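# Secondary and tertiary structure notes
One letter stands for each residue in the lines below.
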Amino acid sequence: PLTLEEVRMLVELFYLPYHHGALAQELLEHFRWLQANSLSVGVPAMVTDACGGTRWRGRAQSFQLLCARTCRLHSRLVSTAGRALLYDLHPYLWDIRNMLLAASAFVLWLGCQSITAPILLGRDAEPWVRRGGLFGELQALLPVGNSCDLFYHPPPLFPSSQLYLLRPLLPLDKVGAVAWRGVLPEPLHGLCCSEVSQGLQAQLSHAPAVPGRLLGSFLSLSPEYTFVLEDEGGPCGYAAGALHAEGFLQQRDSSWLPALRHKYPPDLGTGGPALGQEAVLFFHAEPLAVPQPVLRRFPSLVQLGTAPRVLDVGASRSLALCLLSALRANGSRGVFCQVSDADRQQLSFYSKLG
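Residues numbered from 1 in each chain as written. Predicted model: local features only at pLDDT ≥ 70, side-chain atom pairs only at ≥ 80, totals over all residues. Heavy atoms only, no water.

With an unreviewed UniProt entry as reference, the protein chain is termed OGA GlcNAcase, source organism Dicaeum eximium.

Written out as structure tokens, the structure is:
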């Protein structure tokens, strides 16, 4: 059964409509302080205050631990609570868990990035648009702010106790190629040695490709906007973005793709498995141009995906929120994604996200 400490945590998260318990108050205070003082950290740090950076990282670690405790509380409630109590409380705790997954990863991202533009909060919304309680306050603190249409998804009919971890993809990450199989749709193995950043090259030497877009181009040209979703089985989802899509696409077409085409000539896959031939030909297909009106209105490019085993749309939503928050924090005012009209899996995935 739930312990007394876990019950106390549950009560403090949902204390009163306009008065938070100790745990919720601590989460909000940490998050507000970390955002307000994020310029004291980063690569490179915006100020030369070593003590300030140490303090920031200490509070960031405390915030991460609180988020992890809350995520474990959600898992414990699903596993141990009586069905009647679970179905009453699960929608609220599920919301908080998803929001804290995104907030926790965003704080980790703040610790390894230099914010070159001020974090832009969402426009003021009418009072009835914003959600109340801890969820609403956390939502308002993320750079995507009160974009309410991004946030509402009904909780799953069958609650899952699966634990997730959401974090930025760092240059020195040790991500095994085998662990990524099944995360990206239509895996095309054995081709991506040169497309990843230096720290990931050895680990992702056989990373799969994505039809229509290739994750490797983001890892190579825009690694600072890449996030990884993990469950107990390892990586199970990703979100990648490019802040300035026009420059990103030009660089991809002028340098990244030609280098891959030189390394993997069209006849390389001849006589081999059909999947290998398809992978080689993928690099030699001319990518479709993005119309200028799209680039002007939506200057950032995003790509997301999860493994088939991720049935909880809340985890996918957290991926999207974290990536959008990171892009918005650096001044992006709109995003678009490219999907083949024949790719039913990706069309379904993005439709479920709204």
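Time to look at helix α2 (residues 22-36). One full turn of an α-helix is made of 3.6 residues, so residues set three or four places apart face in the same direction. Relative to the 21 Å expected for 15 residues at 1.5 Å per residue, α2 spans 21 Å between its end C-alpha atoms, a close match to the ideal helical length. Regarding α2, the residues found buried are Leu23, Ala24, Leu27, Leu28, His30, Phe31, Trp33, Leu34 and Gln35. (Helix = DSSP H or I, 4+ residues; strand = E, 2+ residues; numbered from the N terminus. Expected span 1.5 Å × (residues − 1). Buried < 20%, exposed > 50% of the residue type's maximum accessible area, 1.4 Å probe, protein only.)

With that out of the way, let us pick up the packing of helix α4 (residues 83-110) against helix α5 (residues 133-141). Taken N-terminus to C-terminus, the directions of α4 and α5 make an angle of 20 degrees; their axes are 9 Å apart at the nearest point. Relative to α5, α4 is oriented roughly parallel. The two elements α4 and α5 meet at a crossing, and its hand is left-handed. Across the interface between the two elements, Asp95, Ile96, Met99 and Leu100 of α4 pack against Leu134, Phe135, Leu138 and Gln139 of α5. When the residues that make up the contact of α4 with α5 are grouped by side-chain class, the tally is 6 nonpolar, 1 polar and 1 charged. (Axes fitted to C-alpha atoms, helices over the stretch in contact; angles between N-to-C directions. Parallel < 35°, antiparallel > 145°, perpendicular 65-115°, else oblique. Left-handed = near helix turned anticlockwise from the far one by under 90°. Contact = heavy atoms within 4.5 Å. Nonpolar A, V, L, I, M, F, W, Y, C, P; charged D, E, K, R; others polar.)

Once that is clear, we can look at the environment of arginine 57. Topologically, arginine 57 is positioned in helix α3 (residues 50-80). The partly exposed category is assigned to arginine 57, whose relative accessible area is 43%. Once the C-alpha coordinates of arginine 57 and leucine 34 are considered, the two residues, 23 residues apart in sequence, prove to be 8.8 Å apart.

Attention now goes to the packing of α2 against α5. Closest axis-to-axis distance for the α2/α5 pair is 11 Å, and the angle between their directions is 5 degrees. Considering their axes alone, α2 and α5 lie roughly parallel with respect to each other. Residue-level contacts link Ala24, Leu27, Leu28, Phe31, Arg32 and Gln35 of α2 to Leu134, Glu137, Leu138 and Leu141 of α5. When the residues that make up the contact of α2 with α5 are grouped by side-chain class, the tally is 7 nonpolar, 1 polar and 2 charged.

The subject of this paragraph is the pairing of strand β2 (residues 226-231). Summarising burial for β2: 6 of the 6 residues are buried, a large majority. Across the two faces of β2 the burial is the same, with Thr226, Val228 and Glu230 and Phe227, Leu229 and Asp231 all buried. Pairing of β2 with strand β3 (residues 234-242) involves 6 bridges; the strand directions are antiparallel. Bridging from a neighbouring strand, phenylalanine 227 pairs with alanine 239 of β3. Remark: 2 residues form the turn of the hairpin made by β2 and β3, two consecutive strands paired antiparallel. (Pairing = 2+ DSSP bridges.)

Our next topic: the sheet that holds strand β1 (residues 165-168). With respect to topology, 5 strands assemble into an open sheet ordered β1-β2-β3-β4-β5, the strand pairing being mixed. Pairing within the sheet leaves two strands with one partner each, and these edge strands are β1 and β5 (335-336). Pairing of β1 with β2 involves 4 bridges; the strand directions are antiparallel. Bridge pairing in β2 places proline 168 opposite phenylalanine 227. Docked against the sheet, α4 engages β1 and β2, running at close to 25 degrees with respect to β1.

A general trend in soluble globular proteins is that nonpolar side chains are found buried together. Judged by nonpolar contacts, the single largest core of 64 residues is most densely connected at Leu27, Phe31 and Phe227. The element best represented in this core is α4, accounting for 13 residues. In this structure, this core is formed jointly by two domains, domain 1 (1-146) and domain 2 (162-188 + 206-353), each of which donates at least three residues. In this view, leucine 27 contacts Leu13, Phe63, Leu66, Cys67, Thr70, Leu100 and Leu134; residues no more than four positions away in its chain are not counted. With 15 residues, the next largest nonpolar core counts Leu215, Val228, Ala240 and Phe336 among its residues. (Core = buried A, V, L, I, M, F, W, Y, C linked by side-chain atoms within 4.5 Å. Domains from an automatic or database assignment.)

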